[in-house]
Amino acid sequence: MAKPKLAMYWAAGCGGCDVAVLDTNEKLLDIAKIFDIVFWPIAADFKYDSVRAMEDKSIALCLFNGAIRSAEHEEMAKILRAKSKVLVAFGACACHGGIPALANFTTKDEIFKEVYVDIASNSNEQKILPQTVTKVAEGELELPEMFDTVKTLAQTVPVEYFIPGCPPPADLIVKVVELYAAGKMPPVGSVIASEKTLCDECDRIKEDKKVKKFYRPHEIIPDSKKCLLEQGIICCGPATRGGCGLTCVKVNMPCRGCFGPPAGVTDQGAKMLSAIASIYDGNSPEEISRMVEEVVDPAGTFYRFGMADSMLKRKKVHKE
């Protein structure tokens, strides 16, 4: 009997999700025993045309990582959706937009101007910008269109399951493979992670203290046994789904929120802002103003991984 087919794809992301698959170590051999890996372009020379030629629903399971940033990503999302029985948003970028979606705080035109014109190291007096089609002596060169707005996978095509994380931990990767092989996948729409918040899973001492000053991680050596947030370090545990194994917190670094919002929370950034506001201990407008200034990068702090599927989604653009 033929093995079920497995596909993996990398859209707008850093490649860490593909590396996370390798982090399963010898379990990768078990995955290869269960599945026939028919598409994994970062690992071998697979071609898009080969996927296009596959029969619809011939791929049993597809782990799709990365946000939807370009026409190429959108096309592959639609192709892999058609070819796959089960499509999984794999990693923070596919689930929530991730780091690429911070670009939604600006526009494509502003990004192109900054990168290709304004940066001091550029030599581009003609202000040439990337074009989707460029004619040369040998013919036409094509680039995929870069979209103005970064989207999640589920904002582009229907998705069965979500595995969060930047990147997803190896145990969750193995878990989804084993669940599929055993025919025990959870209900469609499930997030394959914990139902608790990271804060609920954390065993650091919590004393419900108020905070008078916020620190950036390099400005303080925190007590490894006490709650980081109560020590004045912004830790996103109260607004983040658990299941990561407390990887960052165990090495005395704050949670950055890569597992996305917990169950029942629509906007992770708004939830975290609410948590921060509840521990502010400012008795005057001046104190409150100072503490607000201590949060150096509010957008990158509270919407680091979730801008695309937040209530904000992107910067409002006024077109003339």
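Relevant structure appears above.
The rules we used
- Residues numbered from 1 in each chain as written.
- Predicted model: local features only at pLDDT ≥ 70, side-chain atom pairs only at ≥ 80, totals over all residues.
- Heavy atoms only, no water.
- Pairing = 2+ DSSP bridges.
- Helix = DSSP H or I, 4+ residues; strand = E, 2+ residues; numbered from the N terminus.
- Phe/Tyr/Trp six-rings, centres within 6.5 Å; stacked < 30°, edge-to-face > 60°.
- Buried < 20%, exposed > 50% of the residue type's maximum accessible area, 1.4 Å probe, protein only.
- Axes fitted to C-alpha atoms, helices over the stretch in contact; angles between N-to-C directions.
- Patch = residues over 30% accessible without salt bridge, like charges linked within 9 Å, V, L, I, M, F, W, Y side chains within 5 Å.
- Areas by Shrake-Rupley, 256 points an atom, 1.4 Å probe, with all protein chains shown as cover.
- Salt bridge = Lys/Arg side-chain N within 4 Å of Asp/Glu carboxyl O.
- Polar contact = N/O pair within 3.5 Å; in protein donor to acceptor, adjacent residues only side chain to side chain.
- Contact = heavy atoms within 4.5 Å.

Looking at this structure, I do not really get the pairing of strand S7 (residues 139–142). What am I missing?
Along a regular strand, successive side chains alternate from one face of the sheet to the other. Taken together, the 4 bridges between strand S6 (residues 133–136) and S7 define a ladder with antiparallel strand orientation. Within S7, the residue paired with Lys-135 across the bridge is Glu-140. Linking S6 to S7, which pair antiparallel, is a turn of 2 residues.

Sorry if this is basic, but what is going on with the packing of aromatic side chains here?
Think of a pair of aromatic rings as described by two things: how far the centres are apart, and how the planes are tilted against each other in angle. Applying the stated criterion across every chain yields a total of 8 aromatic pairs. Relative to Tyr-48, the ring of Tyr-9 has its centre 6.2 Å away and its plane inclined at 65 degrees; by these criteria the two rings are edge-to-face. With Tyr-9 in strand S1 (residues 5–10) and Tyr-48 in helix H3 (residues 48–52), this residue pair connects regions lying 39 residues apart in the sequence. For Tyr-9, a relative accessible area of 2% puts it in the buried group. Arranged with centres 5.2 Å apart and planes meeting at 50 degrees, the rings of Tyr-9 and Phe-64 form a pair that is tilted.

How should the sheet that holds strand S3 (residues 59–65) be read in this particular structure?
What links the strands of a sheet is backbone hydrogen bonding, and the strands pair in either a parallel or an antiparallel sense. Overall, parallel pairing links the 5 strands, which are arranged S2-S1-S3-S5-S9 in an open sheet. Looking at the sheet topology across the chains shown, the edges are occupied by strand S2 (36–39) and strand S9 (161–163). Each strand axis lies, on average, 25 degrees off the axis of its neighbour in the sheet, ignoring direction. Across 5 bridges, the pairing between S3 and strand S5 (residues 84–90) is parallel. Each bridged residue has a counterpart across the sheet, and for Leu-63 the counterpart in S5 is Val-88.

Explain a nonpolar patch on the surface here, please?
Where nonpolar side chains cluster on the molecular surface, the patch consists of Val-115, Tyr-116, Ile-119 and Leu-129 and spans about 280 Å² of accessible area. Along the chain, Leu-129 falls in the loop between helix H6 (108–118) and S6.

What's the story with the side chain of Glu-160 in this structure? I'm lost.
For Glu-160, the location among the structural elements is in the loop between strand S8 (146–151) and S9. Among the polar contacts listed, one links the side chain of Glu-160 to the side chain of Arg-81, at a separation of 2.8 Å. At 2.7 Å, the side chain of Glu-160 forms a polar contact with the backbone nitrogen of Leu-87. Residues within four places of Glu-160 in sequence aside, it is in contact with Arg-81, Lys-85, Val-86, Leu-87, Val-188, Gly-189 and Ser-190.

Help me understand unusual backbone geometry in this model?
Generally, phi is negative for residues other than glycine and the peptide bonds are trans, each holding for most cases. Along the chain, Cys-166 connects to Pro-167 via a cis peptide bond; the corresponding omega equals -5 degrees. Its place among the elements puts Pro-167 in the loop between S9 and helix H7 (170–181). Even without glycine at this site, Leu-246 takes up a positive phi of about 55 degrees. Along the chain, the position of Leu-246 falls in the loop between helix H8 (198–201) and helix H9 (268–279). Backbone geometry at Asn-252 places phi at a positive 65 degrees, although glycine is not the residue there. Within the element layout of this structure, Asn-252 appears in the loop between H8 and H9.

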